[in-house]
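# Report on the structure
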Amino acid sequence: FQGNAAMLLDLLLGSDKSILILGEPGSGKSTIIREIVRVLANYCNVCVVDTSNEIGGDGAIPHPCIGLARRMMVPSLDAQS
């Protein structure tokens, strides 16, 4: 594997643990999440629940950056739960 997702794949594929990604605006948090989603979707079922449409795009067709992952667009945080 190459890219930012490579450093997390051993944790994501071999564990049931959660990962918290923190950073300043513009530091690449969304970019690494997109890459992780794309790579993980090649191995397991992945669904992106995205209230802001920032990860999977806002059009009728999911953005290609999320690969085989499914996307669930949620109109508000209240509707997410």
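Residues numbered from 1 in each chain as written. Predicted model: local features only at pLDDT ≥ 70, side-chain atom pairs only at ≥ 80, totals over all residues. Heavy atoms only, no water.

### Looking at the overall build of the chain
Counting its regular elements, the chain contains three helices and two strands. Going residue by residue from the N terminus, the α and β elements of the chain occur as α-α-β-β-α. The principal-axis extents of the C-alpha atoms in the chain amount to approximately 35 × 30 × 25 Å. For the chain, the residues scored as buried account for 26% of the 81 residues in total. (Helix = DSSP H or I, 4+ residues; strand = E, 2+ residues; numbered from the N terminus. Buried < 20%, exposed > 50% of the residue type's maximum accessible area, 1.4 Å probe, protein only.)

### Brief notes about the pairing of strand β1 (residues 47-50)
Only one face of β1 is covered, namely the one carrying V48 and D50; the face carrying C47 and V49 has none of its residues buried. Relative to strand β2 (residues 70-73), β1 runs parallel, the two being bridged by four bridges. Bridging from a neighbouring strand, C47 pairs with R70 of β2. (Pairing = 2+ DSSP bridges.)

### Some points on the packing of helix α1 (residues 6-13) against helix α2 (residues 29-40)
Between α1 and α2, the least distance of the axes is 11 Å, while the angle of their chain directions is 55 degrees. Classed by the angle they form, the pair α1 and α2 counts as oblique. Between α1 and α2 the crossing geometry is right-handed. Here M7, L8, L9, L12 and L13 of α1 come into contact with α2, specifically with I32, I36, V39 and L40. A breakdown of the residues in the contact of α1 with α2 according to their chemical character gives nine nonpolar, no polar and no charged. (Axes fitted to C-alpha atoms, helices over the stretch in contact; angles between N-to-C directions. Parallel < 35°, antiparallel > 145°, perpendicular 65-115°, else oblique. Left-handed = near helix turned anticlockwise from the far one by under 90°. Contact = heavy atoms within 4.5 Å. Nonpolar A, V, L, I, M, F, W, Y, C, P; charged D, E, K, R; others polar.)

Geometric descriptors of this kind do not, in isolation, establish any biological role.
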